[in-house]
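# Architecture and fold: a report
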Amino acid sequence: KVAPGRGIYTDMNALRPDEELDNIHSLYVDQWDWEKVITREQRNIAFLKQTVRRIYEAIKVTENKLYVEFPQLVPSLPEEIHFIHAQQLLDLYPGKKPKERENEIVRRYGAVFVIAALSDGEPHDGRAADYDDWSTPNEEGYNGLNGDLLLWNPVLGNAFEVSSMGIRVDETSLARQLEIRGQQAKRDLYFHKKLLAGELPCTIGGGIGQSRLCMYLLRKAHIGEIQSSIWPE
């Protein structure tokens, strides 16, 4: 049994053979994946934001250390990360698509965490029903306890996702999200059954893209400049 505040992380390496290849997507995926046990009282936006700020601060420290070693890599991250809910983003830019809205807000603030669920329950980006909690009403008047960490990429001139994370589903939100997605048959799977029975702890977790982060910090335009993979001619 893992106590609250403790957890696991892994240096994840995987293949996604169906991935659509471009300058930021590769067949080979490398991430730091982490999962931490929390208390039920920590299942809130305030705790999510606190965790995001710690991760963002680590990225800023890394950027500054690189600048000391390689002065040509001038730091560009803002002092603070900006938080916005996907519904607020939709209200700001109602005529734009989700990726276009991301570009607008990240260009403006430099570093943004988009809390990724709309107030009507529709996710801002594709979300699994049994992973992050994107449906629970939060203390800010919206739904969702998860999101994406986006940085403005000065080389590519667009918003650049380096991490997706969130407070994970509990028994209530899992049941609700399986129903929303029409996936009630999953209730009989091992993990789902134990979570719905209240036998698993509350957790928060996410993934930090290793090659993505290196692309950003080293100011590279193509993921092939960072890692070895297979590319079309």
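Residues numbered from 1 in each chain as written. Predicted model: local features only at pLDDT ≥ 70, side-chain atom pairs only at ≥ 80, totals over all residues. Heavy atoms only, no water.

## Notes on the overall build of the protein chain
Along the protein chain, the regular secondary structure elements total six helices and seven strands. Secondary structure elements of the protein chain occur, N-terminal to C-terminal, as β-β-α-β-α-α-β-β-β-α-α-β-α. Its C-alpha atoms give the protein chain a radius of gyration of 18 Å, within 12% of the compact-globule value 17 Å for 233 residues. Overall size of the protein chain, expressed as C-alpha extent along the three principal axes, is 55 × 40 × 35 Å. Buried positions account for 45% of the 233 residues belonging to the protein chain. Just so you have it, the protein chain exposes about 12,300 Å², and 52% of that area is on carbon and sulfur atoms. Taking the average place of the 28 positive charges on the side chains of the protein chain and the average place of its 35 negative ones, the gap between the two points comes to 3 Å. (Helix = DSSP H or I, 4+ residues; strand = E, 2+ residues; numbered from the N terminus. Rg over C-alpha atoms; globule rule 2.2 N^0.38 Å. Buried < 20%, exposed > 50% of the residue type's maximum accessible area, 1.4 Å probe, protein only. Areas by Shrake-Rupley, 256 points an atom, 1.4 Å probe, with all protein chains shown as cover. Lys, Arg positive; Asp, Glu negative; His and termini not counted. Charge placed at Lys NZ, Arg CZ, Asp CG, Glu CD.)

## Overview of the sheet that holds strand E3 (residues 82-85)
For sheets, the rule is that strands pair by backbone hydrogen bonds, running either parallel or antiparallel. Ordered in space as E1-E2-E7-E6-E5-E4-E3, the seven strands form an open sheet in which the pairing is mixed. A single partner strand is all that each edge strand has here, and the edge strands are strand E1 (7-15) and E3. On average, adjacent strands in this sheet sit at an angle of 25 degrees to one another, irrespective of strand direction. Across nine bridges, the pairing between E1 and strand E2 (residues 28-38) is antiparallel. Opposite Leu15, over in E2, you have Tyr28 as the bridge partner. In the packing of helix H1 (residues 45-69) onto the sheet, contacts are made with E2, E3, strand E4 (111-115), strand E5 (146-153), strand E6 (158-167) and strand E7 (202-209), and the angle to E6 comes to roughly 135 degrees. Strand contacts of helix H6 (residues 210-217): E1, E2, E5, E6 and E7, with the helix running at about 50 degrees to E7, the strand carrying the most contacts. (Pairing = 2+ DSSP bridges. Axes fitted to C-alpha atoms, helices over the stretch in contact; angles between N-to-C directions. Contact = heavy atoms within 4.5 Å.)

## Quick look at the pattern of salt bridges
According to the stated counting rule, one finds 14 salt bridges in the structure shown. The closest approach of N and O atoms between Asp132 and Arg168, which form a salt bridge, is 2.4 Å. Placement of the pair is Asp132 in the loop between E4 and E5 and Arg168 in the loop between E6 and helix H4 (171-181), with a sequence separation of 36 residues. The exposure class of Asp132 is buried, given its relative accessible area of 3%. On the accessibility criterion, Arg168 (6% relative accessible area) is buried. (Salt bridge = Lys/Arg side-chain N within 4 Å of Asp/Glu carboxyl O.)

## Regarding unusual backbone geometry
In the Ramachandran plot, Arg219 falls in the positive-phi region, its phi being about 60 degrees despite a non-glycine side chain. Note that Arg219 resides in the segment after H6.

## Quick notes on the environment of Glu171
The residue Glu171 is located in helix H4 in this model. The class of Glu171 is partly exposed, set by a relative accessible area of 23%. Separated by 41 residues in the primary sequence, Glu171 and Asp130 have C-alpha atoms spaced 10.0 Å apart. Not counting residues up to four positions away in its chain, the partners in contact with Glu171 are Arg40, Leu195 and Leu196.

## Quick notes on the packing of aromatic side chains
What the rule picks out here adds up to one aromatic pair. The positively charged end of Arg168 is found above the aromatic ring belonging to Tyr131, 4.1 Å away from the centroid. (Phe/Tyr/Trp six-rings, centres within 6.5 Å; stacked < 30°, edge-to-face > 60°. Lys NZ or Arg CZ within 6 Å of the ring centre and 35° of its normal.)

## Digging into the side chain of Asp148
Mapping Asp148 onto the fold places it in strand E5. A distance of 3.0 Å separates the side chain of Asp148 from the side chain of Ser164, its partner in a polar contact. (Polar contact = N/O pair within 3.5 Å; in protein donor to acceptor, adjacent residues only side chain to side chain.)

## Quick look at H6
An α-helical turn contains 3.6 residues, so any two residues separated by three or four positions project in the same direction. Where burial is concerned, most of H6 is hidden: seven out of the eight residues are buried. By the burial criterion, the buried members of H6 are Gln210, Ser211, Arg212, Leu213, Met215, Tyr216 and Leu217. The elements touched by buried residues of H6 are E1, E2, H1, E5, E6 and E7. A positive backbone phi angle near 60 degrees is found at Arg219, which sits one or two residues after H6.

So, to be careful, I would describe these as geometric facts and stop short of saying anything about function.
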